Amino acid sequence: MPALLAAVLLALYLWVGSQTLDSIERARVNLDFILSATSRHVQLTVVSTVLVLLIAIPTGVLLTRSFARRISPPTIAVFNIGVAIPSIGLLALFSVVWDIGFWPAVLALVAYSALPVLRNTMVGLQQVDPTVIESARGMGMSKLGVLARIELPLAVPVILAGVRTALVINVGTAALATFINGGGLGEIIITGIGQNRQLVTVVGAVLTAVLALLIDYLAGLAEDFLRPRGL
Amino acid sequence: MTIKIRLENLTKRFPGEREPAVDSLSMEIPEGEIVILVGPSGCGKTTTMKLINRLIEPTSGRIFLEDEDVTKVDPDGLRRRIGYVIQQIGLFPHMTIYENIATVPKLLGWNRAQISARVDELLTTIGMDPATYRSRYPKELSGGQRQRVGVARAMSADPDVMLMDEPFGAIDPITRDRLQNEFLRIQSEIKKTIVFVTHDIDEAIKMGDRIAILRDHSHIAQYDTPEAILVDPADDFVAEFIGRGAGLKRLNLSRVNDIEMSECATVQAGADRDEVRRALGETDRCVLVLDEQRRPRRWVNADHLELVGGRSLTEIGLPADAVVRPYSTLSDTLNEMLVADYATAIVVGDDGVYQGVIDIDTINEAVRGMRAAERSRLADRLGEGG
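These figures come from a predicted structure and were not determined experimentally.

A. Structural detail: the layout of surface pockets. Its boundaries defined by the atoms lining it, the largest pocket holds a volume of some 770 Å³. As for the largest pocket, its lining consists of 26 residues, and the residues nearest its centre are A:Thr64, A:Arg65, A:Ser66, A:Ile133 and A:Lys143. Among the elements of the structure, helix H3 (31-64), helix H6 (102-126), helix H7 (130-138) and helix H8 (143-173) of chain A are those that each provide at least two residues to the lining of the largest pocket. Top element by residues in the lining of the largest pocket is H8(A). It accounts for 5 residues. Split by residue class, the lining of the largest pocket holds 13 nonpolar, 4 polar and 9 charged. Quantified by volume, the second largest pocket comes out at close to 550 Å³. Forming the boundary of the second largest pocket are 24 residues, of which B:Asp177, B:Asn181, B:Lys206, B:Thr329 and B:Asp332 lie nearest the centre.

Written as structure tokens, this is what we have:
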């Protein structure tokens, strides 16, 4: 996978190098700008995903506890709203009710990608074999001990799958952050479209795609690495 | 007889259910015995067992461990003192066999060397080589091995009391039989107090020092030794639950070394024909040919001797293959006998050396003796009671 992505980037580089660029194209298609846009894009993705983990995993854990059986459906409904609204609308909404820039964009991404992590956390915990939990409780593990040492480790593969989904959603949706001045690789694409410079559009689009595939690949590696042995 | 567990008017009512699952159960469980809770499904036997370690909290009533009232103590601490095995075993799939068995010792704060030594000791006890199995994961084991590890895990912190809910339920019949025997062997050494739940009366008779037959709401229909229950069921419910063939089941309770063996005529494999004829002269049937190590080889009678002249004694006659051990049950022995050519089972020691034979008369005699003993014991007890 990394070799394929490197080949794509090399091909892009050679193709751009063979073209003569005008001033608009040079303003966008240069290493400094590309690097800063890419790093912004990665920041948007990583910061929003980390926030999603901090919010959705504890919420998922709480909602699967027996005392939360009643409040679980309404809470999921709230998380559902984020996904139900189209992503571009969500970004616009945040810019109107709050502000434009990096943080509103991050929060919009969080709202958009929290559900898969929440849902997978809950599913991951619910699919733990109840007899395993019973035997752990029967041996005198506390409820918290069972959660930390049995339930969460056994739910890790499913939770990680949710995190991977959220990452992929975020890296893709972050391309829209530019509409509310959030930066990222979307800025290159928008310029290309707005100024009718196909080369710029293609560079932005290819870079976005390569980044998304790279992040998905890394998330896959992390999934394999973090999955508990013995499962 | 010391009482290890005492249940006093234990009642469990689940919310939203009219009838209690367990209704005012009082019961005493003696130290070092296997007490079986057996009954039809839905009778509350599993609920009763879970009330003892308070996985299910009783609605009312009290639980005593020895003389300590544990109805209100910290349940996690209580459970660390009580071994627990369930039918599905519930090994932790993401932990190695070592980590699984080390669970309770770790909770109790043992040091690493202690835990390591204990795990190796237990693995050896259950017949699994520590070096091979310590770092395996549960999915790499067979069903029978997982079940053994489940029992080892329950014994890890050496609890006095163990609760076992159909521990051999999900295993094929052959492995189950072997595991039951293995467990009885271990129990004869460790002498734990065990509460054992099953729906299988045959397992109850085989495993139990005492059986409590439960009907709905965990009402005790009869609580007695397997022998007494088989000979003298308290009522129709118990009789029906035991089912047909109580006499045959009774044979499961006695072993070969409990009864008097018979002798039969034997000759050495190297003996000449005259010697065999002389031995045969003492019996109208046949002689047992033993090899140099006195292991049984063939049954030979007069006709065999006539038919084949030159061949050695280990090649003529019929194979001596209905062989039982001193600790085989009479039921297994009877079975061997029925399929054997001479309706006689040969008893050999662990080294394979001939000890004696058992035939149908021997068993008949033994059963008659047992029944008489049981009756007189019951009569004595009724006499005391009245």
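That was the structure; now back to the text.
B. Layout of the packing of H3(A) against H8(A). Residues and elements named next belong to chain A. As a packed pair, H3 and H8 sit with axes 10 Å apart at the nearest point and diverge in direction by 145 degrees. Relative to H8, the crossing made by H3 is right-handed. Note on element contacts: H8 touches H3 through Leu 147, Leu 152, Ile 159, Val 163, Leu 167, Asn 170 and Val 171, opposite His 41, Thr 45, Ser 48, Thr 49, Leu 53, Ile 57 and Val 61.

C. Fine view of the sheet that holds strand S11 (residues 266-268) of chain B. Residue and element names in this part refer to chain B. Reading across from one edge, S11-S12-S13-S14 is the order of the 4 strands in this open sheet, with mixed pairing throughout. Lying at the two open borders of the sheet, with one neighbouring strand each, are S11 and strand S14 (318-319). Across 2 bridges, the pairing between strand S13 (residues 296-301) and S14 is antiparallel. Following the sheet pairing, Arg 298 is matched in S14 by Pro 319. Together, S11, strand S12 (286-290) and S13 form the strand contacts of helix H13 (residues 273-281), whose direction differs from that of S12 by roughly 130 degrees.

D. Seen up close, the sheet that holds strand S15 (residues 323-324) of chain B. Pairing is mixed across the open sheet formed by 3 strands, whose spatial order is S15-S16-S17 (chain B). Where the open sheet ends on each side, the last strands, each with one partner, are S15 and strand S17 (354-359) of chain B.

E. Representation of the state of the cysteines in the model. Tallied over the entire structure, the rule returns 0 disulfides over all chains. Free of any disulfide, B:Cys286 has its nearest neighbouring cysteine sulfur in B:Cys264, separated by 7.4 Å.

F. Spotlight on unusual backbone geometry. Residue and element names in this part refer to chain B. Here Glu 166, not a glycine, exhibits a phi torsion of approximately 45 degrees, which is positive. In this structure, Glu 166 sits in the loop between strand S7 (161-165) and helix H8 (173-190). Of note, the phi angle at Ser 218 is positive, near 60 degrees, even though the residue is not glycine. Tracing the backbone through its elements, the reader meets Ser 218 in the loop between strand S9 (210-215) and strand S10 (219-224). The buried category is assigned to Ser 218, whose relative accessible area is 1%.

G. Representation of the pattern of salt bridges in the model. Residue and element names in this part refer to chain B. As enumerated under the stated definition, the model contains 25 salt bridges over all chains in all. Close ionic contact of Arg 79 with Asp 76 constitutes a salt bridge, the shortest N to O distance being 3.4 Å. On the criterion of helical spacing, the pair formed by Arg 79 and Asp 76 is a turn pair, its members being 3 residues apart in helix H2 (residues 75-80). Here the salt bridges share partners, and the residues they tie into one network are Arg 6, Glu 8, Arg 62 and Asp 69.

H. Representation of the environment of B:Gly208 in the model. All names here are of chain B. Tracing the backbone through its elements, the reader meets Gly 208 in the loop between helix H9 (201-207) and S9. The spacing of Gly 208 and Thr 225 is 17 residues in sequence and 7.6 Å in space, taken between C-alpha atoms. Those residues within four positions of Gly 208 in sequence are excluded, and the remaining contacts are Ile 34, Ile 36, Glu 203 and Pro 226.

I. Highlighting the nonpolar core. Judged by nonpolar contacts, the single largest core of 45 residues is most densely connected at B:Phe183 and B:Ile213. If you tally residues by element for this core, the top one is helix H7 (residues 143-155) of chain B, at 5 residues. Residues within four places of B:Ile213 in sequence aside, it is in contact with B:Val38, B:Ile201, B:His219, B:Ile220, B:Ala221, B:Gln222, B:Ile229, B:Phe237, B:Val238 and B:Phe241. By size, the runner-up hydrophobic cluster in this structure holds 30 residues, among which are A:Ala56, A:Leu91, A:Phe94 and A:Val110.

J. How the structure looks around the pairing of strand S6 (residues 82-86) of chain B. Residues and elements named next belong to chain B. In terms of burial, S6 is a largely internal element, 5 of the 5 residues being buried. Where S6 meets S7, 5 bridges bridge the pair, whose relative direction is parallel. Residue Val 85 lies in a different strand from S7, and its bridge partner there is Met 164.

K. Local environment of the interface of chain B and chain A. In this complex, chain B contributes 23 residues to the contact, which on the side of chain A involves 19 residues. Here chain B meets chain A over a buried area of about 1,900 Å², counting both sides, of which 62% is carbon and sulfur. Its largest share of buried area at the contact with chain A, chain B owes to B:Phe92, B:His94 and B:Tyr137, together 27% of the area lost on that side. Between the two partners, chain B and chain A, sit 2 salt bridges. Taking the shortest distance from any N to any O, the salt bridge between B:Lys50 and A:Glu134 comes out at 3.4 Å. In this assembly, chain B and chain A are joined by 7 residue pairs in polar contact (both at pLDDT 80 or more). Mapped onto the side of chain B that touches chain A, the elements with two or more residues apiece are H2, S6 and helix H4 (103-107) of chain B. Taken together, the residues of the side of chain B that touches chain A break down into 12 nonpolar, 5 polar and 6 charged.

Quick notes on the rules
Residues numbered from 1 in each chain as written. Chains lettered and ligands numbered in written order. Predicted model: local features only at pLDDT ≥ 70, side-chain atom pairs only at ≥ 80, totals over all residues. Heavy atoms only, no water. 1 Å grid on protein atoms, 1.4 Å probe; cavity = no way out; pocket = protein on both sides within 12 Å on 5 of 7 lines; lining within 4 Å. Points joined across faces, edges and corners; volume = space filled by probe spheres on them. Helix = DSSP H or I, 4+ residues; strand = E, 2+ residues; numbered from the N terminus. Nonpolar A, V, L, I, M, F, W, Y, C, P; charged D, E, K, R; others polar. Axes fitted to C-alpha atoms, helices over the stretch in contact; angles between N-to-C directions. Left-handed = near helix turned anticlockwise from the far one by under 90°. Contact = heavy atoms within 4.5 Å. Pairing = 2+ DSSP bridges. Disulfide = S-S within 2.5 Å. Buried < 20%, exposed > 50% of the residue type's maximum accessible area, 1.4 Å probe, protein only. Salt bridge = Lys/Arg side-chain N within 4 Å of Asp/Glu carboxyl O. Core = buried A, V, L, I, M, F, W, Y, C linked by side-chain atoms within 4.5 Å. Buried area = accessible area lost by both parts, 1.4 Å probe. Polar contact = N/O pair within 3.5 Å; in protein donor to acceptor, adjacent residues only side chain to side chain.

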